Protein chains: 2
Amino acid sequence: MNQIVQSEKMKYGMAETEAFLRLSAVLILVLTACLVGFDSQTKYVVFFYRKATFRDLNALLLLVYVVSVAAGYNLLQVGKSSLSACFKPNLKVRTNIYLAWICFLLDQMAVYVTFGANSATFQASLLAVTGQEDFQWIKLCSKYTRFCFQIGGALTCGYAACIVMAFVSSISAFNLFRLYTPKQFLQLKTAG
Amino acid sequence: MNQIVQSEKMKYGMAETEAFLRLSAVLILVLTACLVGFDSQTKYVVFFYRKATFRDLNALLLLVYVVSVAAGYNLLQVGKSSLSACFKPNLKVRTNIYLAWICFLLDQMAVYVTFGANSATFQASLLAVTGQEDFQWIKLCSKYTRFCFQIGGALTCGYAACIVMAFVSSISAFNLFRLYTPKQFLQLKTAG
């Protein structure tokens, strides 16, 4: 009995940590999306005003979409786990295993897609900062300095969100794989 | 006794799968590095010949380094596991756990760094293919077509390697987390 209580306690401790990490990830992801989405700077360039926004570069547009979807996904996951904590349905182990596999795969996908989009945007931004003389690609950040600094802040937030999401995906891997015995490949432990 | 034999069999089945996946990853990574590293095309551009190599773009240079290091790391891991299979040292569970944690963390780092470098190069290559009119960045792949196709092949190989490495990192997560009980947080199962 004592063991069961301890097990339940541990389960809720883990679930709380996971929910806290997911909520932090949502906040940072929303911050990233806002920093990129609301970034704009208008400059007078040879005879006309030119406004720089995130729509100028496909990578920035993609980053806003990816980050928003990742934030929505993590919010759904928090909602799902708080719902299941409220109703405490007596799920069978089988259902739990399928759910754990789905959570694991979705979490992995979320972190890889976010990280990939972030890295792509980082490369594009780096080219905008340094230019590429060989290719006759001019520097842009010497003109739109404030715009570029804000994008830099957004990318830092994006990488922070990736680190938090990588932690969360490790937790979901932990939740999945500890259900298996160490003795036989992909054989479940007896429920206890 | 029968269970122990089965357990040993399973362990070697897993280890073989892991070694096979790691060797495939090494091959694909080496192929990627070669495709990028030996890619060059010379074109006559306004009064002089201009040779395009991977050194023209920092992202390509970084990709070659990252991919080579990842291939070396995976080769070391294969060597380590085949050595430990030869000598079969009677490691204690504690040592195994530390090794499993190190493998897990290193594998995660390897796959994220490779994936990040690949995505960054993909973005830079996309800019070289499409150009960016707003920024007055000209297209380059209309000139160096063969060069760009080879880079495209290299990036496809790079992503394939990332998928294989993600599988390997899932296996190392499995090897680590199944050592823990499902009942208490981060408490090891009793050795059995």
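Residues numbered from 1 in each chain as written. Chains lettered and ligands numbered in written order. Predicted model: local features only at pLDDT ≥ 70, side-chain atom pairs only at ≥ 80, totals over all residues. Heavy atoms only, no water.

1. Comments concerning the environment of Tyr112 of chain B
For clarity, the cut-off: For the purposes of this entry, the term helix denotes a DSSP run of H or I that reaches at least four residues, the term strand denotes a run of E that reaches at least two, and both are numbered from the N terminus.
With respect to the helices, strands and loops of the structure, Tyr112 of chain B is situated in helix 3 (residues 93–130). Sequence separation between Tyr112 of chain B and Tyr65 of chain B is 47 residues, and the spatial gap between their C-alpha atoms is 15 Å.

2. Quick look at the state of the cysteines
Residue and element names in this part refer to chain A. Operational definition: By convention in this document, the label disulfide applies to cysteine sulfur atom pairs within 2.5 Å.
The full count for this structure, using the stated rule, is two disulfides over all chains. In this model Cys141 forms its disulfide with Cys148; the gap between the sulfur atoms is 2.0 Å. Residues Cys141 and Cys148 are joined through a disulfide that is left-handed, its torsion about the S-S bond being -80°. A disulfide-free cysteine, Cys34 has its sulfur positioned 10 Å from the sulfur of Cys157, the nearest such atom.

3. Here we look at the side chain of Ser119 of chain A
So the rule is basically this: Only protein chains enter the accessibility calculation, which uses a 1.4 Å probe. A residue is then buried if its area is under 20% of the maximum for its type, exposed if over 50%, and partly exposed in between.
The topology assignment puts Ser119 of chain A in helix 3 (residues 93–130). A relative accessible area of 4% means that Ser119 of chain A is categorised as buried.

4. Examining empty space enclosed by the protein
Applied cut-off: The distinction between a cavity and a pocket rests on a 1 Å grid over the protein atoms alone: a 1.4 Å probe fits inside a cavity but cannot get out, while a pocket stays open yet meets protein on both sides within 12 Å along at least five of seven lines, and a residue with an atom within 4 Å of a point counts as lining. Grid points are joined across faces, edges and corners, and a volume is the space filled by probe spheres set on the points. In the scheme used here, Gly and all other residues not listed as nonpolar or charged are polar, with Ala, Val, Leu, Ile, Met, Phe, Trp, Tyr, Cys and Pro taken as nonpolar and Asp, Glu, Lys and Arg as charged.
Under the counting rule described, the total for this entry stands at two cavities of 30 Å³ or more. For the largest cavity, the full set of lining residues is Arg22, Ala25, Tyr73, Asn74, Asp107, Ala110, Val111, Met165, Val168 and Ser169 of chain B. Residue assignment for the lining of the largest cavity shows that the elements contributing at least two residues are helix 1 (2–37), helix 2 (58–87), helix 3 and helix 4 (145–177) of chain B. Residue composition of the lining of the largest cavity, by class: six nonpolar, two polar and two charged. Quantified by volume, the second largest cavity comes out at close to 40 Å³. What lines the second largest cavity is Phe104, Gln108, Ser169, Ser170 and Ala173 of chain A together with Phe104, Gln108, Ser169, Ser170 and Ala173 of chain B. Mapped by element, the contributors of at least two residues to the lining of the second largest cavity are helix 3 and helix 4 (145–177) of chain A together with helix 3 and helix 4 of chain B. Its residues placed into classes, the lining of the second largest cavity shows four nonpolar, six polar and no charged.

5. Focus on a nonpolar patch on the surface
Which entries qualify depends on this criterion: Residues enter a patch when their relative accessible area is above 30% and they make no salt bridge; the linking distance is 9 Å between like charges and 5 Å between nonpolar side chains (Val, Leu, Ile, Met, Phe, Trp, Tyr). Using a 1.4 Å probe, the Shrake-Rupley method yields the accessible areas, and only the shown protein chains count as cover for residues. Any Lys or Arg side-chain nitrogen located within 4 Å of an Asp or Glu carboxyl oxygen qualifies as a salt bridge.
On the surface, a nonpolar cluster with roughly 690 Å² of combined accessible area is contributed by Tyr44, Val46, Phe47, Phe48 and Tyr49 of chain A. Looking at where Phe48 of chain A falls in the secondary structure, it is placed in strand 2 (residues 48–53).

6. What about the UniProt feature "transmembrane region" (unreviewed entry) in chain A?
Residue and element names in this part refer to chain A. The condition that has to hold: UniProt positions are given in the numbering used here, feature names are shortened, and annotations may be inferred rather than shown by experiment.
UniProt records the feature "transmembrane region" (unreviewed entry) for residues 20–38, 58–76, 97–117 and 153–177 in the present numbering. The span residues 20–38 shows a helical share of 95% and a strand share of 0%, and its end C-alpha atoms are spaced 27 Å apart. Annotation note: span residues 153–177, helix share 100%, strand share 0%, distance between end C-alpha atoms 36 Å.

7. Some thoughts on the packing of aromatic side chains
Heads up, the condition is: The criterion for an aromatic pair is that two Phe, Tyr or Trp rings (for Trp, the six-membered ring) have centres within 6.5 Å, with stacked assigned to planes under 30 degrees apart, edge-to-face to planes over 60 apart and tilted to the rest.
Under the definition given, this model contains 21 aromatic pairs over all chains. Plain terms: the ring middles of Tyr112 of chain A and Tyr112 of chain B are 4.9 Å apart, the flat faces sit at 25° to each other, and that makes the pair stacked. One end of the pair, Tyr112 of chain A, is in helix 3; the other, Tyr112 of chain B, is in helix 3, on a second chain. One exposure class covers both Tyr112 of chain A and Tyr112 of chain B, and it is buried. Taking the centre distance of 6.5 Å and the plane angle of 25° together, the rings of Phe115 of chain A and Phe115 of chain B count as stacked. Here Phe115 of chain A, found in helix 3, pairs with Phe115 of chain B, found in helix 3, and the two come from separate chains. The class for Phe115 of chain A is buried, based on a relative accessible area of 14%. Put simply, the rings of Tyr112, Phe115, Phe122 and Tyr159 of chain A together with Tyr112, Phe115, Phe122 and Tyr159 of chain B touch in pairs and so form one group of aromatic residues.

8. Regarding the nonpolar core
Stated precisely, the cut-off is as follows: Take the buried Ala, Val, Leu, Ile, Met, Phe, Trp, Tyr and Cys residues and link them wherever side-chain atoms come within 4.5 Å; each set so joined is a nonpolar core. Residues count as neighbours in contact if any of their non-hydrogen atoms are within 4.5 Å of one another.
Counting residues in each nonpolar core, the largest one holds 108 residues, and the members touching the most others are Val36, Trp137 and Phe177 of chain A together with Val36, Trp137 and Phe177 of chain B. Those elements giving two or more residues to this core turn out to be helix 1 (2–37), helix 2 (58–87), helix 3 and helix 4 of chain A together with helix 1, helix 2, helix 3 and helix 4 of chain B. Broken down by element, the residue count for this core peaks at 16 residues, all from helix 4 of chain B. When sequence neighbours within four positions are dropped, the list of residues in contact with Phe177 of chain B reads Ser170, Ala173, Phe174, Phe177 and Arg178 of chain A together with Trp101 and Phe104 of chain B.

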